[in-house]
Amino acid sequence: MPELPEVETVRAGLARLLAGAVIARVELRRADLRRTIPTTLPRTLAGQPILAVRRRAKYLLLDTPAGSLLSHLGMTGTWREAPAGDERDHDHCYLHLTDGRRLAYRDPRRFGLLDLVTPGVDHPDLSGLGPEPLADEFTAAYLQGQLRGRRTAVKVRIMDQAVVVGVGNIYAQEALFRARIRPSRAAAKITHAECASLVRHIREVLQAAIAQGGTTISDFRQAGGEMGYFRVALAVYDRGGQPCTNCGAALRAGAVGGRGTVWCRSCQF
DNA sequence: ATCGGGACCTGCTTGC
DNA sequence: TGCAAGCAGGTCCCGA
């Protein structure tokens, strides 16, 4: 589900909800997510004030003096404020706040993750990540270096979190369409000019999506429960067979890197 | 080292 | 209506 714009939207919502909040108690209801949630997590975070809510790649970090609560939403993860009585299947963890409010982490497919980051200690999930796509170091020259010599599809490369973070299956397709590059092209064959266009369009599509609160496909919700409204702006994702917004030709659907992929045969080369 | 494919889970949609 | 198959925003691991 959530790619950078959705995670950033959740981050902003949580930052608003959690300004000045203090964790009273952490209630683990199910620990076997993608990895098992450490048993030390509840007692480490109990009583801790939340100092900041940050995002790195597709991870969220709730900072406290004792450590940060690291979460990843996988495909179906959500954070929401859950008033008394609002308990749902797949609520794996509740953060009870000292003001009586409760935050729920819910993830039906359990591809997500909750973990603890100890202050001053590098966390393995956060090492080896590529640059943030909206940061200055994500340049055409950098991207071309990452594509050089690679026979794999360019779409697979830009979804590799070691190359650049935050780009998933929706925004990879959207950025490649805007840059007029076929998703299946060999990475090594992308020219410098195309790298420059791709960098620009990855940035633009992510920024536009953030401005709309992300993309709601089925279950994605902002931390306050609102949907994201970028879906109306998607040009190719899930539009196989429908007319290209640029030329009107029927969009092609296939698989690239094992993931559903849609592109225009006349607009993308 | 790189690459492709399958695995991990649940839920929803589609087609017979 | 009922059921099975296929697919879904993400990673991770394995074997070639």
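Predicted model, so just to flag it, every value in this text is computed and none were measured.

Within the secondary structure, H123 is located in the loop between β8 (113-117) and α3 (140-147). Separated by 2.9 Å, the side chains of H123 and D115 make a polar contact. Among residues more than four places away in sequence, those in contact with H123 are R35, L70, D115, L116 and V117.

Attention now goes to the packing of aromatic side chains. For the structure shown, the criterion picks out 3 aromatic pairs. For the ring pair W79 and Y105, a centre distance of 5.3 Å and an interplane angle of 65 degrees mean the geometry is edge-to-face. You can see W79 sitting in strand β5 (residues 78-81) and its partner Y105 sitting in strand β7 (residues 102-106), a full 26 residues away along the chain. Residue classification places W79 among the buried positions, given a relative accessible area of 2%. Considering the side-chain rings of Y171 and F230, the 6.1 Å spacing of their centres and the 40 degrees angle between planes classify their relative orientation as tilted. One end of the pair, Y171, is in helix α5 (residues 169-178); the other, F230, is in the loop between α6 (192-211) and β9 (252-256), with 59 residues separating them in the sequence. For F230, a relative accessible area of 2% puts it in the buried group.

Attention now goes to the packing of α3 against α6. Packing of α3 against α6 brings their axes to within 8 Å, and their N-to-C directions diverge by 115 degrees. Taken together, the axes of α3 and α6 are roughly perpendicular relative to one another. The interaxial crossing formed by α3 with α6 has right-handed handedness. Contacts between α3 and α6 involve A140, A141, L143, Q144 and L147 on the former and, on the latter, H192, C195, A196, L198 and V199.

The buried count for strand β6 (residues 91-97) comes to 7 of 7 residues, which makes it a mostly enclosed element. Relative to β6, strand β1 (residues 23-28) runs antiparallel, the two being bridged by 5 bridges. Within the sheet, the bridge partner assigned to R25 lies in β6 and is H96. Pairing between β6 and β7: 5 bridges, direction antiparallel. Looking across to β7, one finds that Y94 is bridged to A104. Hairpin geometry of β6 and β7 is characterised by an intervening segment of 4 residues between the two adjacent antiparallel strands and by a positive phi of about 95 degrees at G100.

In this section: the state of the cysteines. Per the stated rule, a full pass over the model turns up 0 disulfides. With no disulfide of its own, C264 lies 3.7 Å from the sulfur of C247, the closest cysteine sulfur. Judged by relative accessible area, C264 falls into the buried class, the value being 0%. Free cysteine: C267, not disulfide-bonded; nearest cysteine sulfur from C264 at 3.7 Å. The exposure class of C267 is buried, given its relative accessible area of 4%.

Core analysis: the largest hydrophobic core is formed by 28 residues, its most contacted members being L143, L198 and I202. Taken together, the elements giving at least two residues each to this core come down to α3, α4 (154-158), α5 and α6. At 7 residues, the largest contribution of residues to this core is made by α6. Sequence-distant contacts of L143, defined by excluding residues within four places in its chain, comprise F138, I158, V163, C195, L198 and V199. Counting residues in hydrophobic clusters, the runner-up holds 26 residues, among them L14, L69, L103 and L114.

Relative to strand β10 (residues 259-263), β9 runs antiparallel, the two being bridged by 5 bridges. Bridge assignment links A253 to a residue of β10, and that residue is V262. Linkage of β9 to β10, two consecutive antiparallel strands, is achieved through a turn of 2 residues, within which G257 is found at a positive phi near 60 degrees.

The next point concerns unusual backbone geometry. Residues other than glycine seldom take positive phi values, yet R110 does so here, at roughly 55 degrees. Topologically, R110 is positioned in the loop between β7 and β8. Using a relative accessible area of 28% as the deciding quantity, one classes R110 as partly exposed. You will see that D238, though not glycine, has its phi angle at about 65 degrees, which is positive.

Thresholds, definitions, all that
- Residues numbered from 1 in each chain as written.
- Chains lettered and ligands numbered in written order.
- Predicted model: local features only at pLDDT ≥ 70, side-chain atom pairs only at ≥ 80, totals over all residues.
- Heavy atoms only, no water.
- Helix = DSSP H or I, 4+ residues; strand = E, 2+ residues; numbered from the N terminus.
- Polar contact = N/O pair within 3.5 Å; in protein donor to acceptor, adjacent residues only side chain to side chain.
- Contact = heavy atoms within 4.5 Å.
- Phe/Tyr/Trp six-rings, centres within 6.5 Å; stacked < 30°, edge-to-face > 60°.
- Buried < 20%, exposed > 50% of the residue type's maximum accessible area, 1.4 Å probe, protein only.
- Axes fitted to C-alpha atoms, helices over the stretch in contact; angles between N-to-C directions.
- Parallel < 35°, antiparallel > 145°, perpendicular 65-115°, else oblique.
- Left-handed = near helix turned anticlockwise from the far one by under 90°.
- Pairing = 2+ DSSP bridges.
- Disulfide = S-S within 2.5 Å.
- Core = buried A, V, L, I, M, F, W, Y, C linked by side-chain atoms within 4.5 Å.

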